[in-house]
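Below are the chains, spelled out letter by letter.
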Amino acid sequence: MNENSGGTIDITKIPTADNSLVWYAAILPAFALFANIYAENKYHGFLLWGLVILLRIGVCIYDNKKLIKMGMWQQDKVSPTVLLPFVYIIKRTGFLKRKSTIIMVAGGCLLFGITNNGFVQTALATDETYCQYVSQYYSSYITNLPDEENFYPDDDDTIDMILKKKCYGSTYTGEEKKADVEYTSEKIDGVRYVTASATYKKEKLEIVFSLDHDGYCLKGMDIESVSLGGRDISGDEKDDLIKQLFMYETAENEEDAE
């Protein structure tokens, strides 16, 4: 503590504990979810969340060392709680007698990050979860669409909405009781399959999708088989039906379009 020549205390010289570092550690799990948008496989997931864990611990260690250097910590050794950043934030807040706002924010961000983590979501996934993957994704996620010039995935609607419109009319609004597409899921030899069933031109349509899910995120899906009216279709007939359902055709060039 410093004194001037008049014997008064210069409060600007009194050390203070800056909260910016622990605020960074508190919000990082939630912030990481924005970067998670670009994670395309489990290796990206391991890298992202591994960095989150290491950065949070590193920040807490650095903050704790600063407090020790300023004489504002209860011991002269780094606290073991830095390995558990949320616990460290609680202990730090109590010791420095700070407001508990950061504890609530840290707890919320940690919970939000954990529950939206791809590894956790996969561990908690049910058959309904995989059915939702198929119904709510777009045609571009189908990796084995027919490779034909001037045909492109129809991504104007989700797969579920496309099937409902193509099977029950282009005027489908979501209110028609008959316009149901049923989804069932099963796992065979480690591969997840989802079957979408509807009525197409008065015949029962069944499309079996095989999902490429690596335990962290959905990388894509193949159309494994298609049956119409109880009959499996293949070859050109299958390709033509897939194009009718999930693709649209464009003009060969801009001049033709005009």
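Our subject is the structure listed above.
Residues numbered from 1 in each chain as written. Predicted model: local features only at pLDDT ≥ 70, side-chain atom pairs only at ≥ 80, totals over all residues. Heavy atoms only, no water.

Time to look at the packing of helix 2 (residues 42–69) against helix 3 (residues 85–96). Close contact between helix 2 and helix 3 brings their axes to 10 Å; oriented N to C, the two are set at 25°. If you check the angle between helix 2 and helix 3, you find them roughly parallel. Read as a crossing pair, helix 2 and helix 3 show a hand that is left-handed. Residues Arg56, Ile57, Cys60, Asp63, Asn64 and Leu67 of helix 2 lie in contact with helix 3, whose contacting residues are Pro85, Phe86, Tyr88, Arg92 and Leu96. Of the residues belonging to the contact of helix 2 with helix 3, the class tally is 7 nonpolar, 1 polar and 3 charged. (Axes fitted to C-alpha atoms, helices over the stretch in contact; angles between N-to-C directions. Helix = DSSP H or I, 4+ residues; strand = E, 2+ residues; numbered from the N terminus. Parallel < 35°, antiparallel > 145°, perpendicular 65-115°, else oblique. Left-handed = near helix turned anticlockwise from the far one by under 90°. Contact = heavy atoms within 4.5 Å. Nonpolar A, V, L, I, M, F, W, Y, C, P; charged D, E, K, R; others polar.)

A separate point is the packing of aromatic side chains. Inspection of the entire model under this criterion finds 10 aromatic pairs. Note on tryptophan 73 and tyrosine 88: the rings are 5.9 Å apart at their centroids and 45° apart in plane angle, and the pair reads as tilted. Taken together, the residues span a long stretch of sequence, with tryptophan 73 in the loop between helix 2 and helix 3 and tyrosine 88 in helix 3 at a distance of 15 residues. Note on accessibility: tryptophan 73 and tyrosine 88 belong to one class, buried. (Phe/Tyr/Trp six-rings, centres within 6.5 Å; stacked < 30°, edge-to-face > 60°. Buried < 20%, exposed > 50% of the residue type's maximum accessible area, 1.4 Å probe, protein only.)

Spatially, 2-3-4-5-6 is the arrangement adopted by the 5 strands of the open sheet, whose pairing is antiparallel. Single-partner strands in this sheet number two, and they are strand 2 (182–188) and strand 6 (231–233). Between one strand and the next, the sheet's axes are offset by a mean angle of 30°, whatever the strand orientation. The strands touched by helix 6 (residues 127–136) within the sheet are strand 2, strand 3 (191–200), strand 4 (203–213) and strand 5 (218–228), with strand 2 carrying the most contacts at an inclination of about 120°. This element, helix 7 (residues 159–168), spans strand 2, strand 3, strand 4 and strand 5 of the sheet and lies at about 25° to strand 3. (Pairing = 2+ DSSP bridges.)

What follows covers the environment of glutamate 237. With respect to the secondary-structure elements, glutamate 237 resides in helix 8 (residues 235–246). Residue classification places glutamate 237 among the partly exposed positions, given a relative accessible area of 38%. Placed 11 residues apart in sequence, glutamate 237 and valine 226 show a C-alpha to C-alpha distance of 10.0 Å.

Here the focus is the layout of surface pockets. Roughly 430 Å³ of internal volume is contained in the largest pocket. Counted by class, the lining of the largest pocket contains 10 nonpolar, 5 polar and 1 charged residues. The computed volume of the second largest pocket comes to approximately 310 Å³. The wall of the second largest pocket is formed by 15 residues, among which Val52, Ile53, Arg56, Leu110 and Ile114 lie closest to the centre. Looking at the lining of the second largest pocket, the elements with two or more residues in it are helix 2, helix 3 and helix 4 (101–115). If you tally residues by element for the lining of the second largest pocket, the top one is helix 2, at 5 residues. (1 Å grid on protein atoms, 1.4 Å probe; cavity = no way out; pocket = protein on both sides within 12 Å on 5 of 7 lines; lining within 4 Å. Points joined across faces, edges and corners; volume = space filled by probe spheres on them.)

Here we come to the pattern of salt bridges. Scanning the model with the defined rule gives 8 salt bridges in all. In this structure, aspartate 63 and arginine 92 form a salt bridge, with 2.7 Å as the shortest nitrogen-oxygen distance. On the criterion of sequence distance, the pair formed by aspartate 63 in helix 2 and arginine 92 in helix 3 is long-range, its members being 29 residues apart. In this pair, the class of aspartate 63 matches that of arginine 92, namely buried. Of the charged contacts, one joins lysine 243 and glutamate 148 as a salt bridge, the two residues approaching to 2.6 Å between their closest N and O atoms. A residue pair is termed long-range when its members are at least 10 positions apart, and lysine 243 in helix 8 and glutamate 148 in the loop between helix 6 and strand 1 (151–153) qualify at 95 residues. For lysine 243, a relative accessible area of 10% translates into the label buried. (Salt bridge = Lys/Arg side-chain N within 4 Å of Asp/Glu carboxyl O.)

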